[in-house]
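# A closer look at the structure
Residue strings, one per chain:
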Protein chains: 2
Amino acid sequence: MPSYKAPLRDTQFILNEVINIDRYASLPGFSDATPDLVSAILEEGAKFVEEVTQPLNLSGDEQGCVRHPDGSVTTPTGFKAAYDQLVEAGWGGLAADPAYGGQGLPHVIANAFEEFMISANMAFTMYIGLTQGAIAAITAVGSEDQKSTFIPRMVAGSWSGTMNLTEPHCGTDLGLLRTRAEPHADGSFRITGTKIFISSGEHDLTENIIHLVLAKMPDSPDTVRGISLFIVPKFLVNADGSLGERNTVSCGSLEEKMGIHGNSTCVMNYDGATGYLIGERDKGMRAMFVMMNAARLGVGLQGLAQSEVSYQNAVAYAQDRLQGRSLTGPKNKAGQADPIIVHPDVRRMLMNAKAFNEGARALALWGALQVDLTHMAATEEERQEADDLIGLLTPVIKGYFTDKGYENATNAQQCLGGHGYIREWGLEQFVRDARIAMIYEGTNGIQALDLVGRKLASNGGRALRTYVGKIKSYIDTHRDTQGMGEFVQPLEAALDDLQKSTSWLMANAMTNADNAGAASMPYLYLMGLVSLGFMWAQIAEAALHGLAGGATDTNFYSNKLRTGRYFFSHMLPETAIHRIRIQAGSKTLMEMDAQAF
Amino acid sequence: MPSYKAPLRDTQFILNEVINIDRYASLPGFSDATPDLVSAILEEGAKFVEEVTQPLNLSGDEQGCVRHPDGSVTTPTGFKAAYDQLVEAGWGGLAADPAYGGQGLPHVIANAFEEFMISANMAFTMYIGLTQGAIAAITAVGSEDQKSTFIPRMVAGSWSGTMNLTEPHCGTDLGLLRTRAEPHADGSFRITGTKIFISSGEHDLTENIIHLVLAKMPDSPDTVRGISLFIVPKFLVNADGSLGERNTVSCGSLEEKMGIHGNSTCVMNYDGATGYLIGERDKGMRAMFVMMNAARLGVGLQGLAQSEVSYQNAVAYAQDRLQGRSLTGPKNKAGQADPIIVHPDVRRMLMNAKAFNEGARALALWGALQVDLTHMAATEEERQEADDLIGLLTPVIKGYFTDKGYENATNAQQCLGGHGYIREWGLEQFVRDARIAMIYEGTNGIQALDLVGRKLASNGGRALRTYVGKIKSYIDTHRDTQGMGEFVQPLEAALDDLQKSTSWLMANAMTNADNAGAASMPYLYLMGLVSLGFMWAQIAEAALHGLAGGATDTNFYSNKLRTGRYFFSHMLPETAIHRIRIQAGSKTLMEMDAQAF
């Protein structure tokens with residue numbers, strides 16, 4: 001049976017010693033988030049996921065969701081009770097606005113807890129995660145009436161939310177969508193169409209489900225500029241907030257998927273369902289991107305979280321499984337064989353995951369901090385900078401984390417040999433679950449295009465300039481700091497690969513946009529590596545500081561330095577191959593006729 | 001529904017224009033294998049798999065195998081009828097010895113057909129594949145009586161075979177195995193123990209199943225030097241060859257696996273079952289390696305075959321799916337959107353697979369030719385050279401092909417977006433099926449250790465010297481050939497990475513064996529890339545030759561050159577990062593305490 005322990009020590013180290021959230025104590029929300037309170041919350045949260053949701057992960061996958069002839073959907077055994085416990089403890093509203101019943105904590109804290117939730121049970125956590133995206137959209141573009149009607153119950157968890165974008169013939173290219181919204185005399189709309197791949201579309205966890213649905217009005221342009229966003233509740237809501245009649249939206253079938261079987265992925269049929277316009281008419285894509293950006297960061301966390309939990313299980317197996325002998329002589333002389341963690345190639349797979357997980361966790365938390373600063377920093381300049389940084393890094397966190405999450409889960413599975421391929425050890429589930437994160441909320445290829453085609457170019461390249469400036473300045477400050485040279489020098493080389501690749505793009509993408517397209521994924525990997533390098537340099541700095549400060553926990557800090565050295569010597573140099581691929585251009589990709597593949 | 005067309009044109013091109021099997025027409029078996037006959041066989045074979053076994057792939061996965069309370073196992077609907085057709089047509093005995101009813105064709109032809117079989121239905125093909133391994137072992141070490149009793153029926157397909165190595169507590173380290181073989185007065189043995197992960201262990205396709213089982217005799221050393229190999233038939237065989245009583249070996253349960261659901265993976269219980277020693281006592285590992293080497297090449301083919309079939313389905317989708325517009329302006333002006341194959345990043349994924357598939361197919365066929373030459377070449381020197389080459393390349397073909405096969409299947413799935421994650425399109429099955437090939441017949445980490453720890457070192461490094469010498473000599477011969485410079489120069493750079501890495505290993509692995517272990521997987525990738533580069537140079541040479549010869553099929557040859565250029569500019573340069581990782585050594589991997597992971 002797989003197991004999971006939330007990485008409390010590492011999370012606290014990052015919050016308190018690497019990104020130092022105490023620097024922001026003067027900001028709203030942060031003032032309450034003292035280290036002691038944060039520790040208490042994370043410890044309670046760890047206990048909750050380890051005891052309540054993780055034990056349902058394997059059985060939830062095996063059992064899956066069941067759709068009944070009346071269109072209702074039952075989640076796996078135990079999910080409803082676990083959800084009720086979660087609601088009662090208020091875990092869904094950590095970062096939500098206190099005006100709507102939330103706890104008003106910084107996003108960075110909620111993000112730390114969300115990683116634990118996903119590692120413990122990704123399919124379960126999706127029921128809550130989608131609701132957060134829907135809350136974000138209603139908060140951003142809803143009327144006061146819509147906010148007060150829907151958000152408090154969604155924060156409380158008695159209602160949940162969904163995002164309805166994809167249709168059978170269109171996903172990425174939403175301009176093609178066919179779902180129609182006919183205006184009705186009372187100001188509402190009648191929504192008709194079919195949406196597919198709708199996560200948490202129908203289930204038995206909440207009293208009501210609030211669908212956010214993209215559709216076109218009859219007289220709007222039949223393009224992406226004619227899409228509006230609608231609220232379509234499963235049960236209509238009476239004026240007093242009580243539940244009214246059942247709306248004509250239903251789950252037509254459940255998708256048969258590779259993984260996340262515990263989450264209900266639905267085909268949703270809208271049959272003249274009553275919907276309410278939210279935000280401006282024909283500006284649905286803008287509202288959708290509010291949901292989407294929150295969701296993309298959440299999906300990035302899924303990559304990290306699946307990497308972490310699969311790593312933990314591979315480590316436990318590798319420490320325990322006796323097989324063969326160390327190449328340098330027996331290490332477990334009393335036994336018939338050594339644990340397989342003595343083998344360098346097993347350690348290679350584990351170390352790749354460990355160095356990724358710890359660096360990615362720092363980047364995820366630093367990114368979540370930027371989300372907070374976007375809203376709450378003291379000056380407009382700081383808010384703008386935070387917004388630039390998280391805009392730039394959102395596709396990187398989504399795309400790079402999920403590709404690595406799948407790779408690390410696959411390697412963790414490999415550490416178990418044949419046992420990794422069978423259900424009972426849980427590793428094959430982590431791989432199947434991790435796989436979806438590379439696809440949904442915009443495939444990773446779309447993330448790469450967003451990065452190269454939009455984020456690099458917007459505002460004359462301001463975001464990248466800011467980010468590179470921060471890294472450069474860090475390098476300059478620490479180049480001669482005692483003990484930092486071995487970390488800062490490879491970071492500088494990697495940053496050089498990023499800058500030369502950027503220059504190449506500027507010189508070659510204008511004349512031929514396919515050069516940008518061909519470069520996009522290598523560029524995303526390159527930026528992911530440099531970002532992790534930036535984090536690892538700061539982690540090493542914090543570890544050196546911890547050791548110099550006479551900490552009693554010296555092993556923790558020494559092992560940070562060891563892991564960092566592995567990252568800088570074995571992983572970061574990969575930037576070179578991405579630069580080679582970028583500079584090789586698009587010619588050999590594009591010149592073959594499409595029919596010749 | 002997924003589809004598959006056997007790559008007949010490419011296979012024929014490799015056989016006739018790249019490795020030129022007509023050069024071997026004077027050898028036994030090859031004399032019959034005229035281009036016309038080979039074409040006829042492969043065309044018939046293609047028809048068989050496309051019409052008979054491929055249509056059962058998706059349904060076989062969905063239905064899986066069923067074990068009944070009496071221990072019998074039913075394969076998915078249609079498997080038995082397809083197997084009977086296969087037996088009737090003689091597809092199982094293409095390369096088998098005519099003395100035992102085989103057709104005596106070269107392995108290289110059987111190998112070409114085997115790729116088609118696996119692409120069409122991997123789980124089904126495993127029932128035949130394991131039998132081939134068992135035939136190889138009986139041929140190599142069996143007595144004349146054992147050969148004549150078992151081989152003809154296994155060649156005919158009325159009996160099948162299995163390999164029983166793994167036990168719950170040991171897989172890689174067979175010295176730990178606990179299955180016992182007690183001598184019986186009549187010269188047979190009583191076999192008792194539990195074997196797990198036994199592919200095709202019990203099923204309804206054949207009249208009898210011949211288990212080859214590793215076990216220890218009571219007075220043999222309790223190490224790898226005390227292991228013997230036994231034949232344990234499901235039904236005992238009477239002196240006249242008819243089936244006797246049911247042996248006390250049974251399937252205790254079916255493993256619940258990530259994929260290959262159409263193949264029965266069994267826990268096999270040996271309960272004092274009657275077994276017959278095959279080969280020398282305590283030399284079971286040697287016989288096992290005969291099976292294993294054949295099986296490893298077959299598993300390597302699984303990587304290629306899954307890459308090919310998933311690529312084909314991704315191409316079909318990418319040519320058909322309309323979504324968004326080309327970055328360089330609409331290509332399908334009459335439609336609402338362009339097919340997604342206009343996008344460079346979609347082509348990147350497809351081209352990575354295409355360039356791998358065509359290069360790997362050449363290497364697989366060239367490798368199978370070496371297997372033939374090992375037995376049949378005219379001189380001892382040629383036989384030795386072929387044996388050296390295939391010994392060196394077996395772990396590379398197994399390890400590199402299966403890692404790439406999984407990666408390419410994953411990328412093919414990515415091309416379909418959300419549709420790649422659901423069952424009906426078949427892509428997620430290709431990923432799940434491809435995953436096992438990295439694990440069984442020795443994990444890829446074990447392949448890498450075999451390469452670096454055994455194959456490089458044996459006979460003073462003769463095999464590598466031979467192989468590098470062949471590549472160098474090819475480079476020298478073609479450096480100044482018209483049109484070959486763009487292919488030969490990057491090959492030379494990649495070979496330099498291989499040689500410098502080898503030198504580093506020789507200098508650093510003796511003082512610290514962990515440096516070899518840490519280098520093993522990057523070294524395997526490096527050798528895989530150089531090997532594909534060697535093949536791609538020869539493919540390019542053949543394509544230039546075809547064009548110069550005034551072939552009518554100029555597109556075929558031009559596209560070979562285009563694909564080759566992509567391989568040399570985007571894929572082969574990856575050798576540099578493997579060299580960096582090798583030369584980074586094992587220190588950062590090994591210095592952390594095992595408990596600190």
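A brief structural summary. Worth saying up front: this structure is predicted, and the values here are computed from it rather than measured.

### Digging into the overall build of chain A
Each helix and strand in chain A was counted, giving 18 helices and 11 strands. For a compact globule of 597 residues, the expected C-alpha radius of gyration is about 25 Å, and chain A comes in at 24 Å, within 12% of that figure. Across its three principal directions, the C-alpha atoms of chain A cover 80 × 60 × 60 Å. The buried share among the 597 residues of chain A stands at 63%. If you sum the accessible surface of chain A, you get close to 20600 Å²; carbon and sulfur atoms cover 52% of it. Within chain A, one finds 49 positive and 66 negative side-chain charges whose respective centroids are separated by 5 Å.

### Brief notes about the packing of helix H13 (residues 458-478) of chain B against helix H14 (residues 485-508) of chain B
Axis angle and axis distance: for two packed helices, these are the angle between their axes and the distance between the axes, and together they describe the pair. All names here are of chain B. Where H13 contacts H14, the axes come no closer than 10 Å and their chain directions differ by 155 degrees. When the axes of H13 and H14 are compared, the pair comes out roughly antiparallel. As H13 runs across H14, the sense of the crossing is left-handed. Side by side, H13 and H14 meet where Leu464, Val468, Ile471, Lys472, Ile475 and His478 of the first sit next to Val488, Leu491, Glu492, Leu495, Leu498, Gln499 and Thr502 of the second. Residues belonging to the contact of H13 with H14 are distributed by class as follows: 8 nonpolar, 3 polar and 2 charged.

### Looking at helix H14 (residues 485-508) of chain A
Given 3.6 residues per turn, any residue in an α-helix points the same way as the ones three and four places further on. Residue and element names in this part refer to chain A. The terminal C-alpha atoms of H14 lie 34 Å apart, and with 24 residues this matches the ideal 34 Å at 1.5 Å per residue to within 8%. Turning to H14, its buried residues number three or more, namely Gly485, Phe487, Val488, Leu491, Ala494, Leu495, Asp497, Leu498, Ser501, Thr502, Trp504 and Leu505. Where the residues of H14 are buried, they touch helix H12 (444-455), helix H13 (458-478), helix H15 (513-548), helix H16 (554-571) and helix H17 (575-583).

### Comments concerning the relation of the copies chain B and chain A
Note on the copies: chain B fits chain A at an RMSD of 0.0 Å, the axial shift is 0.0 Å, and the rotation between them is 180 degrees. Here the transformation between the copies is reduced to the relation of a two-fold axis. Across chain B, the rotation axis passes nearest the C-alpha of isoleucine 577 of chain B, at a separation of 3.5 Å.

### Some thoughts on the interface of chain B and chain A
The interface of chain B with chain A comprises 92 residues on the first partner and 91 residues on the second. In total, about 8000 Å² of surface goes out of reach between chain B and chain A, with carbon and sulfur atoms giving 59% of it. For the chain B face of the interface with chain A, the top three residues by lost area are Arg347, Tyr421 and Phe597 of chain B, together amounting to 11%. Taken together, chain B and chain A are joined by 6 salt bridges. Notably, a salt bridge pairs glutamate 574 of chain B with arginine 581 of chain A, separated by 3.1 Å at the nearest N-O pair. Inspection of the region where chain B meets chain A yields 45 residue pairs in polar contact (both at pLDDT 80 or more). Here the side of chain B that touches chain A gets 8 residues from one element, more than from any other, and that element is helix H16 (residues 554-571) of chain B.

### A few points about the packing of aromatic side chains
In the structure shown here, the tally under the stated rule is 41 aromatic pairs over all chains. Where tryptophan 91 of chain A meets phenylalanine 113 of chain A, the ring centres are 4.5 Å apart and the plane angle is 25 degrees; that geometry is what we call stacked. Here phenylalanine 113 of chain A lies in helix H5 (residues 107-120) and tryptophan 91 of chain A lies in the loop between helix H4 (79-89) and H5, a separation of 22 residues in the sequence. Judged on exposure class, the residue tryptophan 91 of chain A and its partner phenylalanine 113 of chain A are both buried. Here a set of aromatic residues connected by ring pairs shows up, and it is made of Phe356, Tyr400, Phe401 and Tyr525 of chain A. Over the face of the ring belonging to phenylalanine 556 of chain B we find arginine 9 of chain B, whose NZ or CZ atom lies 4.0 Å from the ring centre. Against the face of phenylalanine 289 of chain B rests arginine 454 of chain B, its NZ or CZ located 5.6 Å from the ring centre.

### So, the pattern of salt bridges
Residues and elements named next belong to chain A. Under the defined criterion, the tally for this structure stands at 72 salt bridges over all chains. We note a salt bridge from aspartate 84 to lysine 80, for which the minimum N-O separation is 3.1 Å. With aspartate 84 and lysine 80 both in helix H4 and 4 residues apart, the pair spans about one turn of that helix. Here lysine 80 falls in the partly exposed class, since its relative accessible area comes to 35%. The closest approach of N and O atoms between lysine 470 and glutamate 385, which form a salt bridge, is 2.9 Å. Of the two residues, lysine 470 is situated in helix H13 and glutamate 385 in helix H10 (residues 380-415); the sequence distance between them amounts to 85 residues. With relative accessibility at 31%, the residue lysine 470 sits in the partly exposed group. Among the charged side chains, a salt-bridge network with shared partners connects Asp10, Glu115, Glu308, Lys354, Glu358, Arg361 and Lys560.

### Focus on the side chain of aspartate 10 of chain B
In this structure, aspartate 10 of chain B sits in helix H1 (residues 8-18). Each residue touching aspartate 10 of chain B, except ones within four places of it in the same chain, is listed here: Glu358, Arg361, Phe556 and Lys560 of chain B.

### Some details on the side chain of histidine 169 of chain B
With respect to the helices and strands, the residue histidine 169 of chain B is situated in the loop between strand E3 (159-164) and strand E4 (180-183). Residue classification places histidine 169 of chain B among the buried residues on the basis of a relative accessible area of 19%. A polar side-chain atom of histidine 169 of chain B sits 2.9 Å from the main-chain carbonyl oxygen of leucine 176 of chain B. Residue contacts for histidine 169 of chain B: discarding those within four places in its chain leaves Arg321, Leu322 and Gln323 of chain A together with Leu176, Leu177 and Arg178 of chain B.

### Description of the packing of H10 of chain A against H13 of chain A
All names here are of chain A. Where H10 meets H13, the closest approach of the two axes is 9 Å, and the angle between their N-to-C directions is 90 degrees. In terms of orientation, H10 and H13 fall into the roughly perpendicular class. In this structure, H10 uses Gln384, Glu385, Asp388, Leu389, Leu392 and Leu393 to contact H13, whose residues at the interface are Asn459, Arg462, Ala463, Leu464, Thr466, Tyr467 and Lys470.

### Re the environment of glycine 193 of chain A
Residues and elements named next belong to chain A. Tracing the backbone through its elements, the reader meets glycine 193 in strand E5 (residues 189-199). By relative accessible area, which is 17% here, glycine 193 ends up buried. The spacing of glycine 193 and threonine 11 is 182 residues in sequence and 44 Å in space, taken between C-alpha atoms.

### Considerations on the state of the cysteines
The tally for this structure, following the rule as stated, stands at 0 disulfides over all chains. Of all cysteine sulfurs in the structure, the one in cysteine 266 of chain A sits closest to cysteine 65 of chain A, which takes part in no disulfide; the separation is 7.8 Å. A disulfide-free cysteine, cysteine 415 of chain B has its sulfur positioned 19 Å from the sulfur of cysteine 170 of chain A, the nearest such atom. Since its relative accessible area comes to 6%, cysteine 415 of chain B is described here as buried.

### So, unusual backbone geometry
Residues and elements named next belong to chain B. Phi is positive for isoleucine 260, close to 35 degrees, though the residue is something other than glycine. For aspartate 282, which is not a glycine, the phi torsion comes out positive at approximately 65 degrees. Looking at the secondary structure, you find aspartate 282 in the loop between strand E11 (265-278) and helix H8 (284-320). Overall, the relative accessible area of 22% leaves aspartate 282 in the partly exposed class.

### Some details on H15 of chain A
Residue and element names in this part refer to chain A. Look at H15: 51 Å from first C-alpha to last across 36 residues, which is about the 52 Å you get at 1.5 Å a residue. Helix geometry: H15 is bent most strongly at serine 520, by close to 45 degrees, with proline proline 522 lying one to four residues after it. Structurally, the start of H15 carries an N-cap: the backbone nitrogen of aspartate 514 is 3.0 Å from a side-chain oxygen of asparagine 512. Looking one or two residues past H15, glycine 550 carries a phi angle of roughly 75 degrees, positive in sign.

### Some details on the environment of cysteine 65 of chain B
Residue and element names in this part refer to chain B. Looking at where cysteine 65 falls in the secondary structure, it is placed in the loop between helix H3 (57-63) and strand E1 (66-67). Sequence separation between cysteine 65 and isoleucine 436 is 371 residues, and the spatial gap between their C-alpha atoms is 17 Å. Leave out the neighbours within four places in its chain, and cysteine 65 touches Val73, Thr74, Thr75, Pro76, Tyr127, Leu254, His261, Gly262, Asn263 and Ser264.

### A word on the environment of asparagine 512 of chain B
One can find asparagine 512 of chain B in the loop between H14 and helix H15 (513-548). A relative accessible area of 28% means that asparagine 512 of chain B is categorised as partly exposed. Asparagine 512 of chain B sits 70 residues away from isoleucine 582 of chain B along the chain, and the two C-alpha atoms are 13 Å apart. Residues in contact with asparagine 512 of chain B, not counting those within four places in the same chain, are Thr328 of chain A together with Ser586 of chain B.

What counts, and at which threshold
- Residues numbered from 1 in each chain as written.
- Chains lettered and ligands numbered in written order.
- Predicted model: local features only at pLDDT ≥ 70, side-chain atom pairs only at ≥ 80, totals over all residues.
- Heavy atoms only, no water.
- Helix = DSSP H or I, 4+ residues; strand = E, 2+ residues; numbered from the N terminus.
- Rg over C-alpha atoms; globule rule 2.2 N^0.38 Å.
- Buried < 20%, exposed > 50% of the residue type's maximum accessible area, 1.4 Å probe, protein only.
- Areas by Shrake-Rupley, 256 points an atom, 1.4 Å probe, with all protein chains shown as cover.
- Lys, Arg positive; Asp, Glu negative; His and termini not counted.
- Charge placed at Lys NZ, Arg CZ, Asp CG, Glu CD.
- Axes fitted to C-alpha atoms, helices over the stretch in contact; angles between N-to-C directions.
- Parallel < 35°, antiparallel > 145°, perpendicular 65-115°, else oblique.
- Left-handed = near helix turned anticlockwise from the far one by under 90°.
- Contact = heavy atoms within 4.5 Å.
- Nonpolar A, V, L, I, M, F, W, Y, C, P; charged D, E, K, R; others polar.
- Expected span 1.5 Å × (residues − 1).
- Least-squares fit on C-alpha atoms with pLDDT ≥ 70 in both.
- Buried area = accessible area lost by both parts, 1.4 Å probe.
- Salt bridge = Lys/Arg side-chain N within 4 Å of Asp/Glu carboxyl O.
- Polar contact = N/O pair within 3.5 Å; in protein donor to acceptor, adjacent residues only side chain to side chain.
- Phe/Tyr/Trp six-rings, centres within 6.5 Å; stacked < 30°, edge-to-face > 60°.
- Lys NZ or Arg CZ within 6 Å of the ring centre and 35° of its normal.
- Disulfide = S-S within 2.5 Å.
- Bend = angle between axes of the 7 residues up to and from the residue.

Worth remembering: the numbers are spatial, not functional.
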